[in-house]
Amino acid sequence: MAYFAVIGLGRFGTTTSLELMHLGNEVLGIDIDPKAAEPLAERLSQTIIADATDERALKELNLGNCDGIVVAIGEDLQASLLCTLNLLNLGIRCLWVKAGDSAHHSILSKLGVRNIVHPEEEMGIRVAQSLNYPMVNSYIGLGHNTYIVDVNITEKISSKTVGNLRKATGNQVNILLVKRDIEIFHHPDDNFALQNKDHLVLVGARDVLTKLGPLLK
Ligand code: ATP
Ligand code: ATP
Ligand code: CA
């Protein structure tokens, strides 16, 4: 079990803090506005009404014991930056900060914050990708243009084998597993026959994966 603090209990901060609780952690929620903090009083380990731009108030909260802190004040640029600066001054290193726009992002980055998130933009990208690649259920970017993707097998290609797909990419894609209902087949060989509603999990470079697009649509 780890101990986290979430500062700013808007929609993003609330969701993050409740999920951390759900995962079995202790969470301290902080908000300047009682209307944001009070509804969470029973659902988080502790909630505190405090102004996170006030360095002394933050110091009293002993945040140094936290395994990670999320700054989820997105819209008030000044409050977010002051709060972040205060946390950095307190020696806190594991920081995740929500940014409202690109100016906010650049300043956070200059301050040395490594985990900067843009929930609205990131979700916007995901929705656009899902519309463009309807067969992709979910994906994880591994960096250097490499992705793990979970693809839905539709009736149209259910007659194909794993070997057919591998060949279509010039053997450049690594097929990790096929999920069929609750069954999982690890490293299926070329003869493995795909069925409608299977999930195929593969890893490869983006340009190689997109070669599969026309085949899977
Ligand atoms: P979301 O979209 O996630 O709802 P947001 O990015 O639009 O949030 P705000 O609604 O501006 O951001 O702020 C999130 C929360 O942060 C609010 O509940 C607000 O009261 C709180 N907050 C703002 N300033 C401070 C501060 N100085 N100290 C503590 N909490 C603050
Ligand atoms: P975000 O957090 O993504 O910036 P939001 O969820 O806070 O957005 P709003 O900013 O209220 O939502 O609305 C998003 C956009 O939708 C705005 O540009 C707004 O003008 C537009 N919008 C609101 N109502 C309508 C409507 N009835 N028809 C068309 N567009 C609308
Ligand atoms: Ca918002």
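Conventions adopted
Residues numbered from 1 in each chain as written. Chains lettered and ligands numbered in written order. Predicted model: local features only at pLDDT ≥ 70, side-chain atom pairs only at ≥ 80, totals over all residues. Heavy atoms only, no water. Buried < 20%, exposed > 50% of the residue type's maximum accessible area, 1.4 Å probe, protein only. Helix = DSSP H or I, 4+ residues; strand = E, 2+ residues; numbered from the N terminus. Pairing = 2+ DSSP bridges. Axes fitted to C-alpha atoms, helices over the stretch in contact; angles between N-to-C directions. Donors = N, O, S within 2.8 Å, 3.2 Å for Na, K, Ca; no water.

1. Considering the pairing of strand E4 (residues 68-71)
Burial of the side chains of E4 extends over both faces: Gly 68 and Val 70 are buried on one face and Ile 69 and Val 71 on the other. Across 4 bridges, strand E1 (residues 3-7) lies against E4 in parallel orientation. Considered in E4, the bridge of Ala 5 is made with Ile 69. With 3 bridges connecting them, E4 and strand E5 (residues 95-98) associate as parallel partners. In the sheet register, Val 70 faces E5, and the bridge partner there is Trp 96.

2. Remarks on the sheet that holds strand E9 (residues 174-180)
One open sheet accounts for 5 strands, arranged E7-E8-E11-E9-E10; its pairing is antiparallel. Of all strands in the sheet, those with a lone pairing partner are strand E7 (136-143) and strand E10 (183-186), marking the two edges. With direction set aside, neighbouring strand axes in the sheet form an average angle of 15 degrees. Of the pairings in the sheet, the one linking E9 to strand E11 (residues 199-205) comprises 5 bridges and is antiparallel in character. Among the inter-strand pairings, Leu 177 is bridged to a residue of E11, identified as Val 201.

3. A word on the coordination of the calcium ion (ligand 3)
Looking at the calcium ion (ligand 3), one finds its protein donor set to be Arg 11 (NH2) and Glu 75 (OE), positioned 2.8 to 3.1 Å from the metal centre. Of the two residues, Arg 11 sits in helix H1 (residues 11-22) while Glu 75 sits in the loop between E4 and helix H4 (77-89), which places them 64 residues apart along the sequence.

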